[in-house]
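# Per-entry structural report
Residue-level listing of the chains:
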Amino acid sequence: MPKKYVENGVTVRQASYESSAEELEAVFTGVDVLFLISFPSSVHLYRTKVQTKALDAAQKAGVKHIYYSSLAFASINAESAKAEVMAAHLDSEAHLKELARTNSGLSWTSIREGLYSESFPVYAGFQDFKNPPSTIRIPQEGNGFGVSWARQDELGEASARLIASYAKSPSAFKYTNKIVTLSGPKSWTWAETVEVLSRATGKDINIQAVSLEEYKNLPQIKAYFGTEQINTLDTAWEAIRAGEAAGVTTSLGEILGRDPEPFEKTIEGFAKKQRSEE
């Protein structure tokens with residue numbers, strides 16, 4: 001934490017998900033509203049273990065309202081999902097519900113953040129706007145279910161606005177003990193996504209549907225995910241093909257107080273930035 005925050009009256013305490021339950025409870029003591037950002041891991045059971053430990057510690061410390069940063073990789077408000085990466089989020093949401101059920105002094109809000117517009121290269125294997133490929137190989141037909149892309153910094157801003165809204169008036173807060181899904185304003189098929197990439201790069205780009213194994217063996221996909229995480233793609237693409245990343249709500253715009261930035265504008269900005277770096 002930069003020294004300037006401390007000098008301006010911010011109280012700084014340090015712990016991690018891998019700290020003891022007692023250490024976490026001490027860190028959370030005196031906190032009324034907690035925003036718990038999920039542990040960065042693809043290992044389902046370990047992630048669940050450390051996150052539920054932190055939630056238990058917050059409850060014991062007397063936290064009144066917990067925000068949990070979840071993921072919109074499931075049908076809206078669903079309690080099950082195909083994507084392994086969503087499993088620990090669902091476990092943590094269920095744990096929050098149970099804590100609140102047995103403790104009237106605790107409430108919660110789960111913020112399911114949509115798939116980042118900035119993460120499209122992860123799925124499309126598209127890394128370079130300066131030298132774009134002529135063909136994108138993915139395990140999905142172009143006109144099947146797609147993704148309701150949302151810009152990362154707008155998701156962050158919306159989360160901050162939610163926290164401020166509760167702090168201002170807990171009794172008027174409409175997301176108490178609820179899941180709020182923050183998606184982009186539209187679900188983009190992969191054909192539409194690639195059309196945006198074509199316009200942004202000025203190059204005709206096509207989709208070739210390939211098997212999941214062929215996709216996972218693409219050099220750029222192997223390089224990005226490595227051997228430890230690459231098998232999470234099996235269930236991720238199963239979820240995408242089932243439409244579990246395509247849900248659309250109006251919540252993001254309502255919380256921001258403006259229309260979210262369209263996916264095509266975000267991509268145009270990426271392309272422009274890369275060209276300016278040449």
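Whatever comes next refers back to the structure up there.
Not measured: the values here are computed from a predicted model. Throughout, residues of each chain are indexed from 1 in the direction in which the sequence is written. The predicted nature of this model means local features are confined to residues of pLDDT at least 70 and side-chain atom pairs, given and counted, to a pLDDT of 80 or more, with totals for whole chains, interfaces and linings taken over all residues. Hydrogens are left out, water is left out, and the side-chain values use all remaining heavy atoms of the structure.

### Points about the pairing of strand β1 (residues 33–37)
Buried means the residue's accessible area, taken with a 1.4 Å probe over protein chains only, is under 20% of the maximum for its type, while exposed means over 50%, and partly exposed covers the values in between. The numbering of helices and of strands both runs from the N terminus, where a helix is a DSSP run of H or I of at least 4 residues and a strand a run of E of at least 2. A one-sided burial pattern is seen for β1, the buried positions being Leu-34 and Leu-36 and the unburied ones Val-33, Phe-35 and Ile-37. A pair of strands is labelled paired if DSSP reports no fewer than 2 bridges between them. In this structure, β1 lies alongside strand β2 (residues 65–71), joined through five bridges in parallel fashion. Paired with Leu-36 across the two strands is Tyr-68, which belongs to β2. Once you follow β1 into helix α3 (residues 44–60) and on to β2, the crossover reads as right-handed. We call a crossover right-handed when, viewed with the strands running away from us, the connection from the first strand over the helix to the second turns clockwise.

### A word on the packing of α3 against helix α4 (residues 84–102)
Lines fitted to C-alpha atoms define the axes here, with helix axes fitted over just the stretch in contact, and angles between the N-to-C directions of these axes take values from 0 to 180 degrees. Close contact between α3 and α4 brings their axes to 9 Å; oriented N to C, the two are set at 25 degrees. Taken as axis vectors, α3 and α4 run roughly parallel relative to one another. Here α3 runs over α4; the crossing is right-handed. Contact with α3, carried on its side by His-44, Arg-47, Thr-48, Gln-51, Thr-52, Leu-55, Asp-56 and Gln-59, involves Glu-84, Val-85, Ala-87, Ala-88, His-89, Asp-91, Ser-92, His-95, Leu-96 and Leu-99 of α4 and no other residues of that element. Class assignment for the residues of the contact of α3 with α4 results in six nonpolar, eight polar and four charged. Between 65 and 115 degrees an angle is taken as roughly perpendicular, under 35 as roughly parallel, over 145 as roughly antiparallel, and anywhere else as oblique. The handedness criterion is simple: a crossing whose near helix is rotated anticlockwise from the far helix by less than a right angle is left-handed, and one whose near helix is rotated clockwise is right-handed. Pairs of residues are marked as contacts when any of their non-hydrogen atoms sit within 4.5 Å. In this classification, Asp, Glu, Lys and Arg are treated as charged, Ala, Val, Leu, Ile, Met, Phe, Trp, Tyr, Cys and Pro as nonpolar, and every other residue, Gly included, as polar.

### So, the nonpolar core
Nonpolar side chains in soluble globular proteins tend to be buried together. Joining through side-chain atoms within 4.5 Å is the link that ties buried Ala, Val, Leu, Ile, Met, Phe, Trp, Tyr and Cys residues into a set, and such a set is a nonpolar core. Formed by 40 residues in total, the largest nonpolar core has its most connected members in Phe-73, Phe-120, Tyr-123, Trp-149, Trp-190, Tyr-215 and Trp-237. For this core, the elements supplying multiple residues, two or more each, are α4, α5 (120–124), β4 (135–138), α7 (190–201), α8 (212–216), α9 (219–229), α10 (232–241) and α12 (263–276). Once residues within four sequence positions are removed from consideration, Tyr-215 is found in contact with Val-122, Tyr-123, Arg-137, Ile-138, Pro-139, Val-210, Ile-221, Leu-233 and Trp-237. In this structure, Leu-34, Tyr-68, Leu-96 and Ile-179 belong to the second largest nonpolar core, which totals 22 residues.

### Topic: the pattern of salt bridges
Any carboxyl oxygen of Asp or Glu within 4 Å of a side-chain nitrogen of Lys or Arg constitutes a salt bridge here. With the rule as written, the count across this model stands at 13 salt bridges. Here Lys-186 ties to Glu-192 by a salt bridge, and the two come within 3.8 Å at their closest N and O atoms. The partner of Lys-216 in a salt bridge is Asp-234, and the shortest N-O contact between them spans 2.7 Å. Separated by 18 residues along the polypeptide, Lys-216 in helix α8 and Asp-234 in helix α10 bring together distant segments of the chain. Judged by relative accessible area, which is 7%, Lys-216 ranks as buried. Take Asp-234: its relative accessible area is 28%, and that puts it in the partly exposed class. Among the charged side chains, a salt-bridge network with shared partners connects Glu-154, Glu-157, Arg-161 and Arg-258.

### Overview of the side chain of Ser-41
Within the secondary structure, Ser-41 sits in the loop between β1 and α3. With a relative accessible area of 18%, Ser-41 lands in the buried category. Only 3.0 Å separates the side chain of Ser-41 from the backbone nitrogen of Val-43, close enough to count as a polar contact. Any N or O atom pair separated by 3.5 Å or less is treated as a polar contact, with the protein-specific requirement of one donor-capable and one acceptor-capable atom, and with residues adjacent in sequence counted only for side-chain atom pairs.

### Quick notes on α10
For an α-helix the count is 3.6 residues per turn, leaving residues at separations of three or four pointing the same way. Extensive coverage of α10 is indicated by the burial of seven of its ten residues. Restricting attention to buried positions, one finds in α10 the residues Thr-232, Leu-233, Thr-235, Ala-236, Trp-237, Ala-239 and Ile-240. Elements in contact with the buried residues of α10: α4, α5, β4, α7, α8 and α9. Phi for Gly-243, located one or two positions after α10, is positive at around 85 degrees.

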